[in-house]
Amino acid sequence: MKKLFNDILSMEDVNGIMLFSFKGELVYKLFLSPLPEEPENKDWWGLFIRSLNGVREADLIFEKSKFYIKKTEIGYLIILMGIFVPTAMVRLNCDMLLPALKKIKISKKGKSIFKKK
Amino acid sequence: MIKKVLIVDDDQEMLLSLKEGFEKYNATFSVLMAGDGLVATEKLEKETISLVITDLRMPRMDGFALLSKIMEQYPDIPVIIMTGYSTPEMERLAQEGGAVGYVEKPFMIDDLANKVLTTLRKESEGGTLHSVSSGMFLQLIEMEQKTCTIRLLDATSGKEGVLFFCDGELFDARTAGLKGEAAAYKIFSWDEVSLSIQNECRQKERKVHRDINAILLEAMRLKDEAGEAEEPEVVEEEIEEIEELSEELEPETPDPLISIQTRLKEEVGERCGLEDIYQDNSWDGFMAQISRMGAFFGAGKLKLIYLDRSEPNDLILVPGYKTSILLVNSKCPRDRIITILSE
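Read on for an overview of the structure. Not measured: the values here are computed from a predicted model.

## Re the overall build of chain B
In step 1: Of the regular secondary structure elements, chain B holds 12 helices and 15 strands.
In step 2: Across the 343 residues that make up chain B, the buried fraction comes to 48%.
In step 3: Long-range pairs, those at least 24 residues apart, make up 66% of the contacts in chain B between residues at least 6 apart in sequence.
In step 4: Total accessible area computed for chain B in this model is approximately 16800 Å², and 50% of it derives from carbon and sulfur atoms.

Set out below in structure tokens:
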């Protein structure tokens, strides 16, 4: 799975990736620096993901960071990055990822992912 | 509960004369206006509309396309078609498309008003209730396994919402800007509502997959969280500073909408693709979710959100005293606009 995201993660100042199922379960995460708390400890992700209902992609701009959210066949992909990362490049990389993500299947419980043969 | 009727026509004179003609019915319904189907769909998204009257021939999105969109996304909203170019084929298509009425122009305004009143009456055929807690009442609906559409008005915020029940199960919910479970959480948190019951549910697709008790609990939890966020401890020495801040946030400050428009016009010009700009607090829940995620990652203050929802126009949400909503053409210079507005 990590290979899939190599191009994005190798971009300067991209800090991490999370992939959520549409039910809001965190199925994959990779952060380049440790977080003060594990995201799965928070129970509001489900609500957060459901609030994205109908959103194809989103840019969230904060004072110190920005997030790019992309709807995929299997859920929502969230890229965490610094404010100076060119989002257009991240978007492009995510578009290129989509066919590969189609081949991934999330287990019914949403806790693990498999590659379709 | 005063219902909202949306009239859609590209003929401004027709819109104004209908609005004027319907004024004597304002104890029953108020009138909203839209110049074409696209503007109408934006209003449907933001407002809780009870009935749509639409012309057929309009630019950008015609009446048939609007009818089809309403049947797909808001099947509970009845549509009356009005046209100056009627043919039997058009009338057949309108009926097959789901329209509840078809009137040929010219018509008597009172005849159309009667049709509107008759249709609106169905909304409350199952009765109305005032000053009840939405959660408690809705548990009863579940227990009685009712199939119905319930329209609610929150006495505190003045917000309106719709809930769809099929055999006692909550199928869908809608309140300004929110749909499905997110809307249900909002509606279930209302303490004092007026509601009307329609004994049918035209929403066939289930979009809420949790039972009422779970939704009620989550709604209460969210409400508590929001309450805590709204009531921070204030120490005396901070009061002055907060008062100054509130003064800054009062609407007397330069209108944020004008300031945004000016910046976009000056820095991007007509190419900025700005279609509409307005303030709307119905996005507050969504903004709170995003801010919470930002806080988790230590991202600092939220500056803006750009949303692509696969629609002709994208949305930009700018937080403030009231959330500013920019409707921009999806082909706008997105990154340029984001940079300008987040500076």
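Here the narrative resumes.
## Re the side chain of Thr83 of chain B
In step 1: With respect to the helices and strands, the residue Thr83 of chain B is situated in strand S4 (residues 79–83).
In step 2: Looking at Thr83 of chain B, its side chain comes within polar contact range of the main-chain nitrogen of Tyr85 of chain B, at 3.1 Å.

## Focus: the layout of surface pockets
In step 1: The computed volume of the second largest pocket comes to approximately 540 Å³.
In step 2: Secondary-structure elements contributing two or more residues to the lining of the second largest pocket are helix H2 (45–51) of chain A together with helix H3 (63–73), strand S10 (178–179) and helix H7 (180–188) of chain B.

## Examining the side chain of Glu218 of chain B
In step 1: With respect to the secondary-structure elements, Glu218 of chain B resides in helix H8 (residues 212–230).
In step 2: Classification of Glu218 of chain B as buried rests on a relative accessible area of 13%.
In step 3: Those residues in contact with Glu218 of chain B, other than ones at most four positions away along the chain, are Leu47 of chain A together with Tyr185 and Arg210 of chain B.

## Side note on the packing of aromatic side chains
In step 1: Throughout the structure, instances matching the rule amount to 16 aromatic pairs over all chains.
In step 2: Look at Trp44 of chain A and Trp45 of chain A: their rings are 4.7 Å apart centre to centre, the planes differ by 35°, and that puts the pair in the tilted class.
In step 3: Trp45 of chain A gets classed as buried once you look at its relative accessible area, which sits at 3%.
In step 4: Geometrically, the ring pair formed by Phe67 of chain A and Phe297 of chain B is tilted, given 5.5 Å between the ring centres and 50° between the ring planes. One end of the pair, Phe67 of chain A, is in strand S4 (residues 65–71); the other, Phe297 of chain B, is in the loop between helix H11 (284–296) and strand S13 (302–308), on a second chain. Pair check on accessibility: Phe67 of chain A and Phe297 of chain B agree, each one buried.
In step 5: By the ring-pair criterion, three or more aromatic residues cluster together here, those being Phe20, Phe31, Trp44, Trp45, Phe48, Phe62 and Phe67 of chain A together with Phe296 and Phe297 of chain B.
In step 6: It is Arg57 of chain B that lies over the ring of Tyr85 of chain B; its NZ or CZ is 4.1 Å from the centre.

## Things to note about the interface of chain A and chain B
In step 1: Listed by partner, the interface residues are 34 residues for chain A and 32 residues for chain B.
In step 2: Summing the contributions of chain A and of chain B, the shared interface buries around 2900 Å²; its carbon and sulfur component is 64%.
In step 3: Counting the contacts that link chain A with chain B gives five salt bridges.
In step 4: The closest approach of N and O atoms between Asp59 of chain A and Arg334 of chain B, which form a salt bridge, is 2.7 Å.
In step 5: For the interface between chain A and chain B, the tally reads 12 residue pairs in polar contact (both at pLDDT 80 or more).

## Focus: the environment of Glu160 of chain B
Residue and element names in this part refer to chain B.
In step 1: When you line up the elements, Glu160 lands in strand S8 (residues 160–166).
In step 2: Since its relative accessible area comes to 14%, Glu160 is described here as buried.
In step 3: Spatially, the C-alpha atom of Glu160 lies 7.9 Å from that of Glu47, the residues being 113 residues apart in sequence.
In step 4: Discounting chain neighbours no more than four positions away, the residues touching Glu160 are Ile2, Lys4, Thr48, Leu152, Leu153, Arg174, Thr175, Ala176 and Trp190.
In step 5: There is a polar contact of 2.8 Å between the side chain of Glu160 and the side chain of Lys4.

## Section: the sheet that holds strand S1 (residues 14–21) of chain A
The strands making up a sheet associate through hydrogen bonds between their backbones, and the pairing can be parallel or antiparallel.
In step 1: Taken together, the nine strands give an open sheet; going across it, the order is S2(A)-S1(A)-S5(A)-S4(A)-S3(A)-S13(B)-S14(B)-S15(B)-S12(B), and neighbouring strands pair in antiparallel fashion. Among the strands making up the open sheet, the edge pair consists of strand S2 (26–31) of chain A together with strand S12 (274–279) of chain B. If you compare each strand with its neighbour and ignore which way they point, the axes differ by 15° on average.
In step 2: Bridge analysis of strand S14 (residues 313–318) of chain B against strand S15 (residues 324–329) of chain B gives six bridges, and the strand direction is antiparallel.

## What to know about the sheet that holds strand S5 (residues 101–104) of chain B
Residues and elements named next belong to chain B.
In step 1: An order of S2-S1-S3-S4-S5 is seen for the five strands of this open sheet, with the pairing classed as parallel. Two strands in the sheet have a free side with no partner beyond their single neighbour: strand S2 (29–34) and S5. Strand-to-strand twist in this sheet, taken as the mean axis angle between neighbours without regard to direction, amounts to 20°.
In step 2: Along the sheet, helix H5 (residues 109–121) contacts strand S1 (3–8), S2, strand S3 (51–55), S4 and S5; its crossing angle with S3, the most-contacted strand, is approximately 145°.

The rules behind the values
Residues numbered from 1 in each chain as written. Chains lettered and ligands numbered in written order. Predicted model: local features only at pLDDT ≥ 70, side-chain atom pairs only at ≥ 80, totals over all residues. Heavy atoms only, no water. Helix = DSSP H or I, 4+ residues; strand = E, 2+ residues; numbered from the N terminus. Buried < 20%, exposed > 50% of the residue type's maximum accessible area, 1.4 Å probe, protein only. Contact = heavy atoms within 4.5 Å. Areas by Shrake-Rupley, 256 points an atom, 1.4 Å probe, with all protein chains shown as cover. Polar contact = N/O pair within 3.5 Å; in protein donor to acceptor, adjacent residues only side chain to side chain. 1 Å grid on protein atoms, 1.4 Å probe; cavity = no way out; pocket = protein on both sides within 12 Å on 5 of 7 lines; lining within 4 Å. Points joined across faces, edges and corners; volume = space filled by probe spheres on them. Phe/Tyr/Trp six-rings, centres within 6.5 Å; stacked < 30°, edge-to-face > 60°. Lys NZ or Arg CZ within 6 Å of the ring centre and 35° of its normal. Buried area = accessible area lost by both parts, 1.4 Å probe. Salt bridge = Lys/Arg side-chain N within 4 Å of Asp/Glu carboxyl O. Pairing = 2+ DSSP bridges. Axes fitted to C-alpha atoms, helices over the stretch in contact; angles between N-to-C directions.

Worth remembering: the numbers are spatial, not functional.
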